[in-house]
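Close look at the chain arrangement
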Amino acid sequence: MDNATSEQAEPAIIARGLVKRFDDTLAVDGVDITVRRGSITGILGPNGAGKTTTLRMLLGIIDPDEGERRVLGHENPKDVARLIGYLPEERGLYAAMKAIEAIAFMGALRGLPLADGRRRGRELLEQYGLEHAAEREIRQLSKGMAQIVQLLGTLVHEPQIVVLDEPFSGLDAIKQSKLEVLIRSLADKGVTVIFSTHVIAHAERLCEAIAIIAGGKVPFAGRVDDARDRIPAQVRLETSAEEGPWRDALPADTRRVGQFWYFPLPESGIEPLLRALIDGNAGIQSLSIERAGLHDAFVAIAGEAAAADMVTTPESEDA
Amino acid sequence: MEEISRKAGRLPLWRAAIVVARRDFLAILFSRAFIFFLLGPLFPIVVGALAGGIGAQVQSEALSADVGIAMPAEDMEAMLAARDELAERIGPAIPPFVELQRLREGEEFDPVAALEGREGRLAAIVTGTVAEPQLTAPEANIARWSGTISMIAATASRTEANSYPEVASTIVATSGARENRGRFQTAQSGMVLLFLLIMLLAGMVLSNLVEEKGNKIIEILAAAIPMDALFMGKLFALLAISIIGIAVWGVAGTVILSLGGRSLSEFANPGVGWPLFFTFGAIYFAMGYLLLGSIFLTIGSMAATVREVQTLNMPVTMAQVLVFFFASLAVTRMGSWFEFAAMAFPLSSPFSMLARAAVDEAIWPHFVALAWQALCVAVFIRVGAALFRKKVLKSGPQGAGKKRKRLFSFASGKNS
């Protein structure tokens, strides 16, 4: 393998045992994360779980007390600062700046000449249907529009890694949908996208991999499918009979919700169970095997308490 | 890899500082508030000039008191003639006489009643005769004018005309005493001006990071550029703004002074000469501004809210005044260890060195001082940025467990 191939093969981000304390509070406690180049990775966790602190350590804004990180092959993220775009959770722009100047300024901070920043900024605004906002001051824009301007400022220097902290927060449903498209298009171009969210649906739709953070720890990091496979598929059964010998075939942890029976798919498979139900005169109306959703996986991995702060669907966002 | 890293890494300090400085400079320059910033210091000058003019007129009117005279007609004539003769030679030290009454023989005049009646603006009344003049006045005016009245009476009593010999005069440009005093005054004036400018302008730096902290853009800046560059950019942007302000005020001040018939020739030539004195003045302003500004920026960056910054304003101003007093005291002790301490202490160094430029011809100490001040600016910025990273951004080890463990070594790549 030559150097170039070796660099491509190396993950975009590796973090091992990151620990961060703020005074006596242990904010992050041994986080391990690996992000493949060109992938979309979600950092999932409830508020206060340590998502932002982890991202800030990966970006080099703060240094970890313990552990190591490696970004695009460099131990110090500052050595590749121009290859990174970052949208912080708490959005901020200079209120008196014109949108196009704000985008160019953010590019200039990452080494992009101002003239190039303005040109690319106009292109990006046009792509996003916001060309009319280019010459308007940030304070004249709606909150959502200003947020998009900031996002475009994050991308204007064409980074190799884009880090977005709660990017969907504050956007209406249409802008959220547009942002999902944008994130996918970035990944299609080979850009590594890592974003934090407490909205599981975004991660479920977008991410190839996730890292679940709860209480400063990462109980799971890997592919979304692997997270779902942590809990067995659920069987949903509808019967015409209420009682009968077939009931003995149901697993002990079966739940009744409405007219449906729910229980985990037995390790022996569906066939022996199906036979027992038929022989026991259950009167099967319908039977389906449902793979666990990411929310269920999250609950199983991080626990009910952590899941309580999570939002399952983006519709509940402040649109 | 290192080459790639250099291009991919953060902007060099100076480039990042320019990006920040440019943004801040333009943001301030094109704000409406900048007009008020420019006009602000002109208001006190105009108000001061008006108030000063009115005050001077009032004072002059209040102080120009007349001396009344009531004597027999012959004595009166002699006294008035003597008064005019002396006033011609001595000038305003001889008070104007107001003729109150030419007394006939046996006629009396009551000066006490005339003064207590508070008529006109009489400050004293001379009665009696040329041979025996009588001065009636409040105690202070007795002390002020008794000698003068005595001299007028003596002149009036002479029968023959006075002759005054011509005094031959040789004019020299200056004298040692005058030059020293003049340079000292130039030093003091330069220091006061420098102090006022720095006090007016460096205070702005105190609240300069509040915007970034308030609108959370600090996160973007911290992720992209070194904090030192942010501090430097902000300081130099405000320095540039201040220089524009000073240029405008300087032109306005020169116009106002020249309209008032004042010029630099009223001041003694500074030791290093006017051109170098102005050059050093500008450089020491910049250094003083950067030195104080870097400290103010650090203090301001620790403040969480605008209210905190406002609360800090007063102690910070008092600290500035203390530094100025220190430097002012040092000027009175030129050549002593005290002056050396004031030149060495970074915050008072620009003031003391400007004073030295006014009184001493040597130029090399200024280069030493400027190098020292520049070093201190760099250290202050570095320390300020490090404090900001640690205390505000919470970077670096916090609290317990400060030892950083290396859990494993990455296989490849040489990284800084």
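Procedures and definitions
Residues numbered from 1 in each chain as written. Chains lettered and ligands numbered in written order. Predicted model: local features only at pLDDT ≥ 70, side-chain atom pairs only at ≥ 80, totals over all residues. Helix = DSSP H or I, 4+ residues; strand = E, 2+ residues; numbered from the N terminus. Buried ≥ 20, exposed ≤ 12 C-beta atoms within 10 Å, placed from the backbone. Contact = placed C-beta atoms within 7 Å. Core = buried A, V, L, I, M, F, W, Y, C linked by C-beta atoms within 7 Å. Axes fitted to C-alpha atoms, helices over the stretch in contact; angles between N-to-C directions. Parallel < 35°, antiparallel > 145°, perpendicular 65-115°, else oblique. Left-handed = near helix turned anticlockwise from the far one by under 90°. Nonpolar A, V, L, I, M, F, W, Y, C, P; charged D, E, K, R; others polar. Pairing = 2+ DSSP bridges. Domains from an automatic or database assignment. pLDDT = per-residue confidence, 0-100. Expected span 1.5 Å × (residues − 1). Bend = angle between axes of the 7 residues up to and from the residue.

1. Looking at the overall build of chain A
A count of helices and strands for chain A gives 11 helices and 13 strands. Summarising its shape, the C-alpha atoms of chain A cover approximately 80 × 45 × 45 Å along the three principal directions. Going through the 319 residues of chain A one by one, you find that 48% of them count as buried. Taking contacts inside chain A between residues at least 6 apart in sequence as the whole, the part at least 24 apart equals 72%.

2. A short note on the overall build of chain B
What chain B contains, in helices and strands, is 16 helices and four strands. For chain B, the residues scored as buried account for 34% of the 416 residues in total. Across chain B, the fraction of contacts at a sequence separation of at least 24, relative to all contacts at a separation of at least 6, is 76%.

3. As for the nonpolar core
Residues A:Ile103, A:Val163, A:Ile212 and B:Leu354 are the most contacted members of the largest nonpolar core, which totals 161 residues. Looking at this core element by element, the count peaks at 13 residues for helix 12 (residues 274–302) of chain B. The contact partners of A:Ile212, leaving out residues within four places of it in the chain, are A:Leu44, A:Gly45, A:Val218, A:Pro219, A:Phe220, A:Phe298, A:Ile301 and A:Ala302. Among the nonpolar cores identified, the runner-up in size contains 21 residues, and B:Ile69, B:Met71, B:Ala82 and B:Ala156 belong to it.

4. Considerations on the packing of helix 11 (residues 227–259) of chain B against helix 12 of chain B
Pairs of packed helices are described in terms of their axes, by the angle between the two and the distance that separates them. All names here are of chain B. Between helix 11 and helix 12, the shortest axis-to-axis distance is 10 Å and the interhelical angle comes to 135 degrees. If you check the angle between helix 11 and helix 12, you find them oblique. Where helix 11 crosses over helix 12, the handedness of that crossing is right-handed. Of helix 12, the residues touching helix 11 (which contributes Phe 231, Lys 234, Leu 235, Leu 238, Leu 239 and Ser 242) are Ala 286, Tyr 289, Leu 290, Gly 293, Ser 294 and Leu 297. Classifying every residue of the contact of helix 11 with helix 12 by side-chain character gives eight nonpolar, three polar and one charged.

5. With respect to the pairing of strand 7 (residues 192–197) of chain A
Residues and elements named next belong to chain A. Here strand 7 lies mainly inside the structure; six of its six residues are buried. The alternating pattern of strand 7 places Thr 192, Ile 194 and Ser 196 on one face and Val 193, Phe 195 and Thr 197 on the opposite face, and all of these are buried. Sheet topology note: the strand 3 (residues 40–44)/strand 7 ladder contains five bridges and is parallel. Residue pairing across strands places Gly 42 opposite Phe 195, the latter belonging to strand 7. Of the pairings in the sheet, the one linking strand 6 (residues 161–165) to strand 7 comprises five bridges and is parallel in character. Each residue of the ladder has a partner; that of Val 163, found in strand 7, is Ile 194.

6. Here's the deal with the domain arrangement of chain B
Domain assignment breaks chain B into domain 1 (2–40 + 177–412) and domain 2 (66–156). One C-alpha centre belongs to domain 1 of chain B, the other to domain 2 of chain B; they are set 62 Å apart.

7. Quick word on the environment of B:Ile243
Looking at the element boundaries, B:Ile243 is found in helix 11. Considering only alpha carbons, one finds B:Ile243 and B:Leu201, 42 residues apart in sequence, at a separation of 9.7 Å.

8. Side note on the sheet that holds strand 2 (residues 25–35) of chain A
Residue and element names in this part refer to chain A. With antiparallel pairing, the three strands of this open sheet are ordered in space as 2-1-4. If you trace the sheet from one side to the other, it starts and ends with strand 2 and strand 4 (66–71), each paired once. Each strand axis lies, on average, 20 degrees off the axis of its neighbour in the sheet, ignoring direction. Those strands touched by helix 2 (residues 51–59) are strand 1 (13–22), strand 2 and strand 4, and its axis lies near 120 degrees from that of strand 1.

9. Observations regarding the packing of helix 13 (residues 306–331) of chain B against helix 15 (residues 349–359) of chain B
All names here are of chain B. At a closest axis distance of 9 Å, the pairing of helix 13 and helix 15 adopts a crossing angle of 25 degrees. Here helix 13 is positioned roughly parallel relative to helix 15, judged by the angle of their axes. The chirality of how helix 13 crosses helix 15 is right-handed. Contact residues: helix 13 offers Phe 324, Ala 327, Ala 330 and Val 331, while helix 15 offers Phe 351, Ser 352 and Ala 355. Along the lines of polarity and charge, the residues of the contact of helix 13 with helix 15 split into six nonpolar, one polar and no charged.

10. Considering the domain arrangement of chain A
Domain annotation for chain A reports domain 1 (3–228) and domain 2 (234–291). Using only C-alpha atoms to locate each centre, domain 1 of chain A and domain 2 of chain A end up separated by 45 Å.

11. So, the sheet that holds strand 5 (residues 84–87) of chain A
All names here are of chain A. Here six strands make up an open sheet; going across it, the order is 5-6-7-3-8-9 and the pairing mixed. Looking at strand neighbours, the two that pair on one side only are strand 5 and strand 9 (217–223), the edges of this open sheet. Across the sheet, the mean angle separating the axes of adjacent strands is 15 degrees when strand polarity is ignored. By the bridge criterion, four bridges tie strand 5 to strand 6 in an arrangement that is parallel. Across the sheet, residue Tyr 86 finds its bridge partner in strand 6, namely Val 163. Docked against the sheet, helix 6 (residues 173–188) engages strand 3, strand 6 and strand 7, running at close to 150 degrees with respect to strand 7.

12. Observations concerning unusual backbone geometry
Although it is not a glycine, A:Leu72 adopts a positive phi angle of roughly 50 degrees. Here A:Leu72 falls in the buried class, since 22 other C-beta atoms lie within 10 Å of it.

13. Side note on the environment of B:Leu375
Along the chain, B:Leu375 falls in helix 16 (residues 364–392). Residue B:Leu375 is classed as exposed on the basis of its 11 C-beta neighbours within 10 Å.

14. Points about the confidence of the model for chain B
Residues and elements named next belong to chain B. Residues of chain B with pLDDT of at least 70 account for 84%, and the chain-wide mean is 82. Contacts for the low-pLDDT stretch residues 399–416, under 50 throughout, to residues beyond four places or in other chains number 32 contacts. Predicted complex metrics record ipTM = 0.80 and pTM = 0.74.

15. Quick notes on helix 7 (residues 139–157) of chain B
Residue and element names in this part refer to chain B. An ideal rise of 1.5 Å per residue puts 27 Å on 19 residues; helix 7 measures up with 26 Å between its terminal C-alpha atoms. Bending of helix 7 peaks at approximately 45 degrees at the position of Trp 145. All buried positions along helix 7 are accounted for by Trp 145, Ile 149, Ile 152, Ala 153 and Ala 156. Summarising the contacts, the buried residues of helix 7 are in contact with strand 1 (66–72), helix 5 (73–90), strand 3 (122–128) and strand 4 (133–136).

16. Overview of the pairing of strand 2 of chain A
Residue and element names in this part refer to chain A. For strand 1 and strand 2, the ladder comprises eight bridges, and the chain directions are antiparallel. Counted as the bridge partner of Lys 20 is Val 28 from strand 2. Hairpin remark: strand 1 followed by strand 2, antiparallel, with two residues in the connecting loop; positive phi at Asp 23, about 55 degrees.

17. What about the environment of B:Thr127?
Residue and element names in this part refer to chain B. Along the chain, Thr 127 falls in strand 3. Assessed through the 22 C-beta atoms surrounding it within 10 Å, Thr 127 is described here as buried. Along the sequence, Thr 127 and Met 71 sit 56 residues apart, while their C-alpha atoms lie 5.5 Å from each other. The residues contacting Thr 127, other than those within four sequence positions of it, are Ala 70, Met 71, Phe 109, Pro 111, Gln 134 and Thr 136.

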